[in-house]
Amino acid sequence: MFQELIAQMAREVEKLTHELNVTLPHEIRKAVELGDLKENSEYKAALERQQFVQARLGQLTMRVTKLANIDVALIPADKVGLGSKVLVEDAQTRSRETFELVFGDAGELQDGHVTMGSPIGRALQGKGVGEEAILKLPSRIRRLQIVELYTIHDRTADDLL
């Protein structure tokens, strides 16, 4: 599964590399030909895009390196760990929430994503269905019952992106 995820990221790296080395230099060259660079919005937009692409390439490279070094066999199939999607129920309010444990450096956290090193991530790690995770917050203590668990072994690469 990590191989699928790495392959998807590699395709994005390839696309961004092409944009950085071919498309953007062409756009910058065209913008320079238009003249005065101080008030050239095309030039500024191309440079901003170039900076974004460079940053994204750096981020993807780091994530691919980290993924390549993870041994999936060491991630438990029945306990919360990296890549797990967890449905919990608050013991006090009976409200339910879904959390997905992601890398600590995940730049594009989405709703429901928590990093492995966050307080909720640390509280959930190693717990199984039916177990209770205790989350100590400054204002109170939350007790979260694990209702459903989908580990990285149950999920596809598309689920993890």
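See above for the structure.
To start, this report covers the structure provided alongside it. Because the structure is a prediction, the values reported are computed rather than measured.

## Side note on the overall build of the chain
Across its full length, the chain carries 4 helices and 5 strands. For the chain, the succession of helices and strands along the chain, N to C, is α-α-β-β-β-α-β-β-α. Every one of the 161 residues in the chain was classed for burial, and the buried ones make up 36%. Of all intrachain contacts in the chain linking residues separated by at least 6 positions in sequence, the fraction that spans at least 24 positions is 56%. Carbon and sulfur atoms make up 52% of the accessible area of the chain, which amounts to about 9800 Å² in all.

## What about the pairing of strand β4 (residues 132-136)?
What you see with β4 is a clean split: Ala133 and Leu135 sit on the buried side and Glu132, Ile134 and Lys136 on the side with no burial. Bridging between β4 and strand β5 (residues 141-150) involves 5 bridges; their strand directions are antiparallel. Of the residues in β5, the one forming a bridge with Lys136 is Ile141. Count of turn residues in the β4/β5 antiparallel hairpin: 4 residues.

## Thoughts on the nonpolar core
Val80, Val86, Val88, Ile120 and Leu124 are the most contacted members of the largest nonpolar core, which totals 14 residues. Those residues in contact with Ile120 that lie beyond four places of it in its chain are Phe99, Val114, Leu135 and Leu144. Among the nonpolar cores identified, the runner-up in size contains 9 residues, and Ile6, Met9, Leu57 and Leu67 belong to it.

## What about the sheet that holds strand β2 (residues 96-102)?
Backbone hydrogen bonds hold the strands of a sheet together, and the pairing may be parallel or antiparallel. Strand order in the open sheet formed by 5 strands is β3-β2-β1-β5-β4, and the pairing between neighbours is mixed. Lying at the two open borders of the sheet, with one neighbouring strand each, are β3 (113-115) and β4. The average undirected angle you get between the axes of adjacent strands in this sheet is 40 degrees. Bridge count between β2 and β3: 3 bridges; the pairing is parallel. Along β3, the bridge assignment pairs Leu101 with Val114.

## Points about the pairing of β2
As paired elements, strand β1 (residues 85-90) and β2 share 5 bridges and run antiparallel to each other. In the strand pairing of β2, Val86 is matched with Phe99. Where β1 folds back on β2, the antiparallel hairpin that results is connected by 5 residues, among which Arg94 adopts a positive phi of roughly 65 degrees.

## Details of the environment of Glu12
Looking at where Glu12 falls in the secondary structure, it is placed in helix α1 (residues 2-33). Taking the C-alpha atoms as reference points, Glu12 and Leu57, separated by 45 residues in sequence, lie 8.6 Å from one another.

## Observations regarding helix α2 (residues 41-68)
Taking 1.5 Å of rise per residue, the 28 residues of α2 would be expected to cover 40 Å, and the 40 Å separating its terminal C-alpha atoms lies within 8% of that figure. Residues of α2 that are buried include every one of Tyr43, Ala46, Val53, Arg56, Leu57, Gln59, Leu60, Arg63 and Leu67, and no others. If you check the start of α2, you find a side-chain oxygen 3.1 Å away from the backbone N of Glu42, and it comes from Asn40.

## Here's the deal with the environment of Lys30
Looking at the element boundaries, Lys30 is found in helix α1. Residues Lys30 and Tyr43, spaced 13 residues apart in sequence, show a C-alpha to C-alpha distance of 8.3 Å.

## A closer look at the pattern of salt bridges
For the coordinates displayed, the defined rule picks out 8 salt bridges. A salt bridge links Glu89 to Arg94; the shortest N-O distance between them is 3.3 Å. Using a relative accessible area of 16% as the deciding quantity, one classes Glu89 as buried. Taking the shortest distance from any N to any O, the salt bridge between Asp90 and Arg142 comes out at 2.9 Å. One end of the pair, Asp90, is in strand β1; the other, Arg142, is in strand β5, with 52 residues separating them in the sequence. Using a relative accessible area of 2% as the deciding quantity, one classes Asp90 as buried. Several salt bridges converge on common partners, so that one network encompasses Glu89, Arg94 and Arg96.

Thresholds, definitions, all that
Residues numbered from 1 in each chain as written. Predicted model: local features only at pLDDT ≥ 70, side-chain atom pairs only at ≥ 80, totals over all residues. Heavy atoms only, no water. Helix = DSSP H or I, 4+ residues; strand = E, 2+ residues; numbered from the N terminus. Buried < 20%, exposed > 50% of the residue type's maximum accessible area, 1.4 Å probe, protein only. Contact = heavy atoms within 4.5 Å. Areas by Shrake-Rupley, 256 points an atom, 1.4 Å probe, with all protein chains shown as cover. Pairing = 2+ DSSP bridges. Core = buried A, V, L, I, M, F, W, Y, C linked by side-chain atoms within 4.5 Å. Axes fitted to C-alpha atoms, helices over the stretch in contact; angles between N-to-C directions. Expected span 1.5 Å × (residues − 1). Polar contact = N/O pair within 3.5 Å; in protein donor to acceptor, adjacent residues only side chain to side chain. Salt bridge = Lys/Arg side-chain N within 4 Å of Asp/Glu carboxyl O.

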